[in-house]
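Structure assessment
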Amino acid sequence: MTEEYSDKILEEISKKAQRWSDEFSKSRYYEGLTEEQKQESEFVITSFTEYMYSYHCLRPEEWNEFEIEECCLYTLPRKVVADESCFRSIAPVLVAFFDFLGEKKILKDAQQLKRVVEKIGKQIIKNAKDPRKWGIGKSLAMDMKEAGVDITNEQEIADFITVYNQKMLSEQKNKPSRTSLSEKQKIRRNDPCPCGSGKKYKKCCGK
C-alpha cells in the first residue's frame, strides 16, 4: 500500500471511474464486446477501479500487474455478489478498457496490464464459483439467495441469520483446530482460512 486509505480519495476515484466508463461506452473497444459484456461493463469498470483502491490502496496511475491479479483472482471473487455473467465479463471488459485507457494515454503500461488479465480470465470465473474463495459476507448473501430469502423483508433476513449463526457455531465446534498437511498444500497463503475465522490462511492456521 502506498498511502493511508481516504474516503475522499475513493470518492474522487469513483467519479473518475464513472467518467471513464461513460467515455469507454462510446468507443470502438466497447463496440467489440458481446451484448452480455456491454451490460456488465459499467459495473465491472467501476467496481474494479474502486476495489483497487478500497482493498489494495492503489490509485489508477499506480496499478501494477501483481495487484491487478490479486484483485481479479481474490478480492472480487471474495467480495462481489453477482451472477456468473458478471465474472465471465471481467476479463474481456478490462482487456478492452485497458486498450481504451492506453490509447487515451491515461494508463501507463496498459498493454502489460492487459496481458495479465487475458492470462487469468478463466481462473477469475473458476474462483468466483468456488465457495472457498468467498468472504463471510458474500457466503451469507449467496446462501440467502439460494434459500430464496426476500432481502427486502427484515424479518426473513433476521430469521435466516439466526439459523445461519447456529449452523456456523455447530460446525466450528466439530471441526479440528488445525488443518492437515495434505489440505495445507492445496491452500494459498492469501486464501480465506478453511477454519472459518474470516482471516487469511497465512495469518491463521497457516502460521
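Quick caveat: nothing in here was measured; it's all calculated off a predicted structure. (Residues numbered from 1 in each chain as written. Predicted model: local features only at pLDDT ≥ 70, side-chain atom pairs only at ≥ 80, totals over all residues. Heavy atoms only, no water.)

Concerning the overall build of the protein
Summing up its helical and strand segments, the protein has 9 helices and 0 strands in all. Across the protein, helices and strands are ordered from the amino to the carboxyl terminus as α-α-α-α-α-α-α-α-α. Of all 207 residues assigned to the protein, the portion counted as buried reaches 43%. By sequence separation, contacts in the protein at least 24 residues apart represent 59% of the contacts at least 6 residues apart. If you sum the accessible surface of the protein, you get close to 12,400 Å²; carbon and sulfur atoms cover 49% of it. (Helix = DSSP H or I, 4+ residues; strand = E, 2+ residues; numbered from the N terminus. Buried < 20%, exposed > 50% of the residue type's maximum accessible area, 1.4 Å probe, protein only. Contact = heavy atoms within 4.5 Å. Areas by Shrake-Rupley, 256 points an atom, 1.4 Å probe, with all protein chains shown as cover.)

Looking at the nonpolar core
Ranked by internal contacts, the top residues of the largest apolar core, which has 40 residues, are Phe-24, Phe-48, Trp-63, Ile-68, Phe-97 and Phe-98. Looking at this core, the elements with two or more residues in it are helix 1 (7-24), helix 2 (28-31), helix 3 (35-54), helix 4 (65-79), helix 5 (84-103) and helix 6 (110-129). Take this core: its biggest share by element is 12 residues, from helix 5. (Core = buried A, V, L, I, M, F, W, Y, C linked by side-chain atoms within 4.5 Å.)

Description of helix 3
Given a rise of 1.5 Å per residue, 20 residues ought to cover 28 Å, and the 29 Å separating the end C-alpha atoms of helix 3 matches this to within 8%. Of all the bends in helix 3, the greatest, near 45°, is centred on Ser-41. (Expected span 1.5 Å × (residues − 1). Bend = angle between axes of the 7 residues up to and from the residue.)

Quick notes on the packing of aromatic side chains
In total, this model carries 11 aromatic pairs according to the counting rule given. Pairing Phe-24 with Tyr-30 gives two aromatic rings, centres 5.9 Å apart and planes at 90°, and the pair type is edge-to-face. Here Phe-24 falls in the buried class, since its relative accessible area comes to 0%. Between the aromatic rings of Tyr-51 and Tyr-55, the centroid separation amounts to 5.2 Å while the plane-to-plane angle is 35°, which identifies the pairing as tilted. Through a chain of ring-to-ring contacts, the aromatic side chains of Trp-20, Phe-24, Tyr-30, Phe-48, Trp-63, Phe-97, Phe-98 and Phe-100 assemble into a single cluster. (Phe/Tyr/Trp six-rings, centres within 6.5 Å; stacked < 30°, edge-to-face > 60°.)

Overview of the packing of helix 5 against helix 6
How two helices pack is summed up by the angle between their axes together with the distance between the axes. Between helix 5 and helix 6, the shortest axis-to-axis distance is 8 Å and the interhelical angle comes to 175°. Between helix 5 and helix 6, the crossing angle belongs to the class labelled roughly antiparallel. Of the residues in helix 6, those in contact with Glu-84, Phe-87, Arg-88, Ile-90, Ala-91, Leu-94, Val-95, Phe-98, Asp-99 and Gly-102 of helix 5 are Ala-110, Gln-111, Leu-113, Lys-114, Val-117, Glu-118, Gly-121, Ile-124, Ile-125, Ala-128 and Lys-129. Partitioning the contact of helix 5 with helix 6 into residue classes produces 12 nonpolar, 3 polar and 6 charged. (Axes fitted to C-alpha atoms, helices over the stretch in contact; angles between N-to-C directions. Parallel < 35°, antiparallel > 145°, perpendicular 65-115°, else oblique. Nonpolar A, V, L, I, M, F, W, Y, C, P; charged D, E, K, R; others polar.)

Section: the pattern of salt bridges
In a structure, side chains of opposite charge can pair up when their charged atoms sit close to one another. In total, this model carries 9 salt bridges according to the counting rule given. In this structure, Glu-84 and Arg-88 form a salt bridge, with 3.6 Å as the shortest nitrogen-oxygen distance. One end of the pair, Glu-84, and the other, Arg-88, are both in helix 5, 4 residues apart, so they sit about a helical turn from each other. (Salt bridge = Lys/Arg side-chain N within 4 Å of Asp/Glu carboxyl O.)

As for the packing of helix 3 against helix 5
At their nearest, the axes of helix 3 and helix 5 sit 8 Å apart, and the two run at 75° to each other. Overall, the two elements helix 3 and helix 5 adopt an arrangement that is roughly perpendicular. Of the residues in helix 5, those in contact with Glu-36, Gln-37, Glu-40, Ser-41, Phe-43, Val-44, Ile-45 and Phe-48 of helix 3 are Ser-85, Cys-86, Arg-88, Ser-89, Ile-90, Pro-92, Val-93, Leu-94, Phe-97 and Phe-98. Its residues placed into classes, the contact of helix 3 with helix 5 shows 11 nonpolar, 4 polar and 3 charged.

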